[in-house]
Amino acid sequence: MSIPTNAGGESASPTTGENGGESTSTPDDHSWPEADEPADERPSQPAQSTQPEQSAQSEPVTPVGQRQQRSSPEQAQQANHSQQTQRVPYSQEWQSQQPHSGGASHVSRASHAPPSQSSPPSQPSQPQRRYESPPRPPQHPVEQGPAPQQPVERQSPGPDAWPHRSPAPPRPQPSAVPPAGRQAWPQRIGPDGTGEQQAVPSGGPTHGGPAHGAPAAHGRQRPQGVEGHHGPARPLGAPDTGTQAVVPADAHASEPATPTDPPDHESSAAGDGGRPRRRRLLVAVSVGVVLLLAAGVTLALPPVSNRLGLPWAPNAPLADPPEPRDVRLALSGASASGAAPTPQGVAAAIDGLASDSDLGELHGSVVDPATGQVLWERGADTPATPASTTKVLVSAAALLALDHDMRLPTRVVEGAEPGTVVLVGGGDVTLSSLPPGEESIFPGAAHLDDLVAQVKEATGGAVERVELDLSAYTGPETGAGWAPDDVPSTFMVKVQPAMLDGGRTDPKNKASMGQSDPAGNLAEEFAERLGAEVGGETKAPENATVLGEVWSAPVDELVRHTLVESDNLLGEVLARQVAAAEDREGSFDGGAAATLDVLRRHGVDVSDVVLHDGSGLSPRNSVPASTLTQVIQLAAADDDGGVKQLDEVTAKLRPLLIGMPVAGGSGTLAPRYDEEASESGRGWVRAKTGTLSGVHTLAGVVLTEDDRVLAFALMSDGKDQNKARAALDRIAAALRGCGCR
């Protein structure tokens, strides 16, 4: 077989190393583009060629600084004979590789021939232009036996060495014959005649490399600058002379075998590992600085710093918080420590307002509770219709006559016949129909379910009939002078000693319509929950066994609810409880008479007072303004800041002040004092209201700007309800704003 020639027609001859070793250069499909070859003209895949290869080896290049030696004819003939005996005929290679695709890079046949030890120096030749040989079909490597070879020293860096690379440490000297199958290191020849070594698989599977007969990878690999795990490379800084130094195979016998895969990014990144690491560190530091700046700006914003309570917050306290102070949940009595008002000062403040035509005829009185001095009055001793301020008198009588902790009962006792029970009304009209845990319009009310549970437990559920005992109250169930449409209505029902939710149809809505027969509704609901039928009214047997019992809220709580919400039904209940305490019948007349008896006994002038009910719904009631002022004066008497002992009457009447509505804040005064002329009284005026057709009253207390408590009562018969109310509010607010000295 003849030796193929290159494009110039010259035969490819082996080049001789420095120590006489023969080196064979091979076209490198993995090499980078030539310096004068555009990168975009580099073939992505070698194309299959049907022409015979033109050159199996690159042109010999004389190393820099090395003399070329002319070989003798015998040495050249011996070298050619060695190459021909180790090569596989081209036709056999083409046939064995025909099924494979030509997309893989190929290994030169010369690369399978180990360098010959006895190869004579090559003939000197002139540097020639290197031509890329066309791609050949893949070929199978041919096993070849070991050939002796003299060790060759690697070439030391010359004057043209790369300045940015440092020389690698010297490799150990080879000492053994390379094993079979070990291949030489092919070389890429650059356009300037310089070459660079690169590992080429010798065949057989290696880790990550092509298996025997498989095409090699297409991609060109950038030359390694250091020895990695992919095999030795040209020392850093050594000049690329174009002459491949032959590395004997036995040089690797003393060191571990290294894979012959093409270099990967692992080894190439070894030299540059610090650079990405530094870049990541800089990025991390930059991000941290940005985050810190953003956090600082955010925390500096007033809304954020205020919300977190940071020291630089605009609303941060300038000093330590003050020590907590005791809070008394009750109004203190009138104090003489403030500047004492005078009748002239009060008259100057309210005379003009009291003459407002919207008030019609005004009756009123203003008293200093600390001294008992009357500061202002107009028709104060003339009786007038009090409307709901009647509740002030009834509530005062209840607080004076009853124990404040007294509770009103609802009991169930055994009936006269087996299987019959009797529900006895004791005056608790606040009993709740809601399940336990839910609250109706009456805070602290008892629940019907609790009563049912007690009766079931006591009887074992053997209840067949429920009867009703309403004997606690006597007489008519509506008051004298009441309008026919007052009962039932959203503000009143029949006065009966037992009912659910104050007789309202909605236990959570105080303005809901009342029931026509509240007691009968209670009996039906109770019987249904027991699984029994409803009987008629009866009188419970004396000393009957009590099967169940529930209690209302305390009396002082009932008084508070009566005054704040102006609850008419509770006013009637309190009057009847006073009647029961005074041994009078539980009726309208008995309640009215008992109320006056109690007030008279405690020093209140009631000589001109006429009462027909306890709610004030009756227009036949008449009370002088001075009587109302006197009762309130007793409740607001001075205790000198808690130092002086209150007398018994004042101590019992104190809850009267607590139960009065607050101007602009609670109860019937919540929607009032919203005008500019009266808004100064918001929160400072506490008073009971009263309203009927053509009747407008206001009685209570006000704290002046000089911290003096004044008691007042105002009664008007103005035609327009809204205008008359507003005029009364302006008078009370004027008392708040004046020193009245």
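Asker: Talk me through the overall build of the protein chain; I want residue IDs and the actual numbers.
Answerer: Per the secondary structure count, the protein chain includes 15 helices and 16 strands. Counting the 741 residues in the protein chain, one finds 48% classified as buried. Counting contacts in the protein chain only where the partners sit at least 6 residues apart, residues at least 24 apart contribute 73% of the total. Within the structure as shown, the protein chain displays about 35200 Å² of accessible surface, and the carbon and sulfur contribution to it stands at 52%.

Asker: Hey, could you go over the sheet that holds strand 10 (residues 465-469) for me, with residue numbers and the actual values?
Answerer: Here five strands make up an open sheet; going across it, the order is 11-10-9-8-12 and the pairing mixed. Each edge of the open sheet is held by one strand with a lone partner, namely strand 11 (533-537) and strand 12 (546-551). The sheet shows a mean angle of 20 degrees between the axes of neighbouring strands, taken without regard to direction. Sheet topology note: the strand 10/strand 11 ladder contains three bridges and is parallel. Of the residues in strand 11, the one forming a bridge with Val466 is Val534. Contacting strand 8 (409-414) and strand 12, helix 8 (residues 448-459) crosses the sheet at an angle of about 165 degrees to strand 12. The strands touched by helix 9 (residues 518-530) within the sheet are strand 8, strand 9 (420-425), strand 10 and strand 11, with strand 10 carrying the most contacts at an inclination of about 155 degrees.

Asker: Can you tell me about the packing of helix 10 (residues 555-564) against helix 11 (residues 568-581), naming the residues and giving the values?
Answerer: Two numbers describe how helix 10 lies on helix 11: the axes approach to 8 Å, and their chain directions differ by 140 degrees. By the angle class used here, helix 10 and helix 11 are oblique. With respect to the hand of their crossing, helix 10 and helix 11 are arranged in left-handed fashion. Listed contacts from helix 11 to Leu558, Val559, His561 and Thr562 of helix 10 are Leu570, Gly571 and Leu574. Per-class residue counts for the contact of helix 10 with helix 11 are four nonpolar, three polar and no charged.

Asker: Give me the lowdown on the state of the cysteines, citing residues and values where you can.
Answerer: Applying the stated rule across the entire model yields one disulfide. With a sulfur-sulfur separation of 1.6 Å, Cys738 is cross-linked through a disulfide to Cys740. No difference in accessibility class separates Cys738 from Cys740, as the two residues are buried.

Asker: Residues and numbers for a negative patch on the surface, please.
Answerer: Negative charge collects at one region of the surface, where Glu477, Asp517, Glu524, Glu528 and Glu537 lie side by side. Within the secondary structure, Glu528 sits in helix 9.

Asker: Describe the environment of Val412, with residues and values.
Answerer: Considering the arrangement of structural elements, one finds Val412 in strand 8. Exposure remark for Val412: the relative accessible area of 0% places this residue in the buried category. For the pair formed by Val412 and Leu547, sequence separation is 135 residues and the distance between their alpha carbons is 5.5 Å. Residues in contact with Val412, not counting those within four places in the same chain, are Val421, Val422, Leu423, Leu451, Val455, Phe526, Thr545, Val546, Leu547 and Gly548.

Asker: Account for the side chain of Thr595, naming residues and giving values.
Answerer: Within the secondary structure layout, Thr595 lies in helix 12 (residues 588-601). Engagement of the side chain of Thr595 in a polar contact is seen with the backbone oxygen of Gly591, the distance being 2.8 Å. Setting aside anything within four residues of it in sequence, one finds Thr595 in contact with Leu393, Val394, Ala397, Ala575, Val578 and Leu611.

Asker: Mind laying out helix 15 (residues 721-737), listing which residues take part and the relevant values?
Answerer: One turn of the α-helix equals 3.6 residues, which is why residues spaced by three or four share an orientation. Here helix 15 contains 17 residues, and its C-alpha end-to-end distance of 25 Å stays within 8% of the 24 Å for a straight helix at 1.5 Å per residue. Of all the 17 residues making up helix 15, 12 are buried; the element is thus mostly covered by neighbouring parts of the structure. Three or more residues of helix 15 are buried, namely Ala724, Ala726, Ala727, Leu728, Asp729, Arg730, Ile731, Ala732, Ala733, Ala734, Leu735 and Arg736. On its buried side, helix 15 packs onto helix 6 (343-354), strand 5 (362-368), strand 14 (685-692), strand 15 (695-703) and strand 16 (709-716).

Asker: Report on the nonpolar core, specifying residues and quantitative values.
Answerer: Counting residues in each nonpolar core, the largest one holds 63 residues, and the members touching the most others are Leu599, Leu628, Ile632 and Leu656. When contributions to this core are tallied by element, the ones reaching two or more residues are helix 7 (390-401), helix 10, helix 11, helix 12, helix 13 (625-635), helix 14 (648-658), strand 15 and strand 16. Beyond its immediate chain neighbours, meaning those up to four positions away, Leu628 contacts Thr389, Val392, Leu393, Val623, Ala699, Ala713 and Met715. Of all hydrophobic cores here, the second largest spans 28 residues; its members include Leu362, Phe712, Ala732 and Leu735.

Calculation notes
Residues numbered from 1 in each chain as written. Predicted model: local features only at pLDDT ≥ 70, side-chain atom pairs only at ≥ 80, totals over all residues. Heavy atoms only, no water. Helix = DSSP H or I, 4+ residues; strand = E, 2+ residues; numbered from the N terminus. Buried < 20%, exposed > 50% of the residue type's maximum accessible area, 1.4 Å probe, protein only. Contact = heavy atoms within 4.5 Å. Areas by Shrake-Rupley, 256 points an atom, 1.4 Å probe, with all protein chains shown as cover. Pairing = 2+ DSSP bridges. Axes fitted to C-alpha atoms, helices over the stretch in contact; angles between N-to-C directions. Parallel < 35°, antiparallel > 145°, perpendicular 65-115°, else oblique. Left-handed = near helix turned anticlockwise from the far one by under 90°. Nonpolar A, V, L, I, M, F, W, Y, C, P; charged D, E, K, R; others polar. Disulfide = S-S within 2.5 Å. Patch = residues over 30% accessible without salt bridge, like charges linked within 9 Å, V, L, I, M, F, W, Y side chains within 5 Å. Salt bridge = Lys/Arg side-chain N within 4 Å of Asp/Glu carboxyl O. Lys, Arg positive; Asp, Glu negative; His and termini not counted. Charge placed at Lys NZ, Arg CZ, Asp CG, Glu CD. Polar contact = N/O pair within 3.5 Å; in protein donor to acceptor, adjacent residues only side chain to side chain. Expected span 1.5 Å × (residues − 1). Core = buried A, V, L, I, M, F, W, Y, C linked by side-chain atoms within 4.5 Å.

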